[in-house]
Amino acid sequence: MARAVKDKELVNTRLASNYGGWVYCDSCNENIGYLCYSTYDRLELKYKCNCGSIGSILLDFEDSKTGQDCSDELVIIKNRFCCPNDNEPLITILDKKVANYEMKITCKSCGAIYKKVK
Ligand SMILES: [Zn+2]
Ligand SMILES: [Zn+2]
């Protein structure tokens, strides 16, 4: 079922689909990651691509819950950051494609808000 997007701001970044799929840097067209469609409630991502371009994504939905800050680390399962509470796959960031990034992502299933900085 399609979700109703509330806030959507993409800077120097393209998504393969409306609110998920492969994530591309708009300057060099490299894919820098993959966003799972249905498992997150809110995403804030800011990154510096290896090409030097700084991009960002802000996405949430009409039915997103507020979530609770959480200090646990995301777990990596098959290259994908997953929620440690329920193993929901959330997002892949291709480490080798970005110089650095800062991310906040809310798991839809349990409402935990994870932070990750590289
Ligand atoms: Zn780039
Ligand atoms: Zn979760």
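Structure: above.
Before going into details, it helps to say that this report is about the structure given with it. (Residues numbered from 1 in each chain as written. Chains lettered and ligands numbered in written order. Predicted model: local features only at pLDDT ≥ 70, side-chain atom pairs only at ≥ 80, totals over all residues. Heavy atoms only, no water.)

Mapping T106 onto the fold places it in strand β11 (residues 98-107). Contacts of T106, omitting those with residues within four sequence positions, involve T39, Y40, D41, R42, G67, G111, A112 and I113. (Helix = DSSP H or I, 4+ residues; strand = E, 2+ residues; numbered from the N terminus. Contact = heavy atoms within 4.5 Å.)

Another aspect to go through is the coordination of the zinc ion (ligand 1). Distances from the zinc ion (ligand 1) to its protein donors, C25 (SG), C28 (SG), C49 (SG) and C51 (SG), fall at 2.3 to 2.4 Å. Angles of 105 to 114° at the metal separate the four donor atoms of the zinc ion (ligand 1), which places the site in the tetrahedral class. Given a relative accessible area of 0%, C25 falls into the buried group. (Donors = N, O, S within 2.8 Å, 3.2 Å for Na, K, Ca; no water. Tetrahedral: all angles 85-135°; square planar, octahedral: opposite > 155°, others 65-115°. Buried < 20%, exposed > 50% of the residue type's maximum accessible area, 1.4 Å probe, protein only.)

In terms of nonpolar packing, the biggest core is built from 28 residues, with M103 and I105 touching the most fellow members. Residue assignment for this core shows that the elements contributing at least two residues are β3 (21-25), β4 (31-35), β5 (40-49), β6 (54-61), β10 (89-93), β11 and β12 (112-117). Those residues within four positions of I105 in sequence are excluded, and the remaining contacts are L35, Y40, R42, L43, L74, L90, I91, A112, I113 and Y114. (Core = buried A, V, L, I, M, F, W, Y, C linked by side-chain atoms within 4.5 Å.)

Our next topic: the sheet that holds strand β7 (residues 68-69). Ordered by their spatial adjacency, six strands build an open sheet running β1-β6-β5-β11-β12-β7, and the pairing between neighbours is mixed. Each end of this open sheet is capped by a strand with a single partner; those strands are β1 (5-11) and β7. Judged from the five bridges that link them, β11 and β12 form a sheet pairing that is antiparallel. Note on β12: the bridge partner recorded for T106 is I113. (Pairing = 2+ DSSP bridges.)

Looking now at the coordination of the zinc ion (ligand 2). For the zinc ion (ligand 2), the full set of protein donor atoms is C83 (SG), D86 (OD), C107 (SG) and C110 (SG), at a range of 2.2 to 2.3 Å. Its four donor atoms give the zinc ion (ligand 2) angles of 102 to 118° at the centre, a pattern that matches the tetrahedral case. Read in sequence order, the donor residues coordinating the zinc ion (ligand 2) give the pattern C-x2-D-x20-C-x2-C. Of the two residues, C83 is situated in the loop between β9 (80-82) and β10 and C110 in the loop between β11 and β12; the sequence distance between them amounts to 27 residues. What makes C110 partly exposed here is its relative accessible area of 28%.

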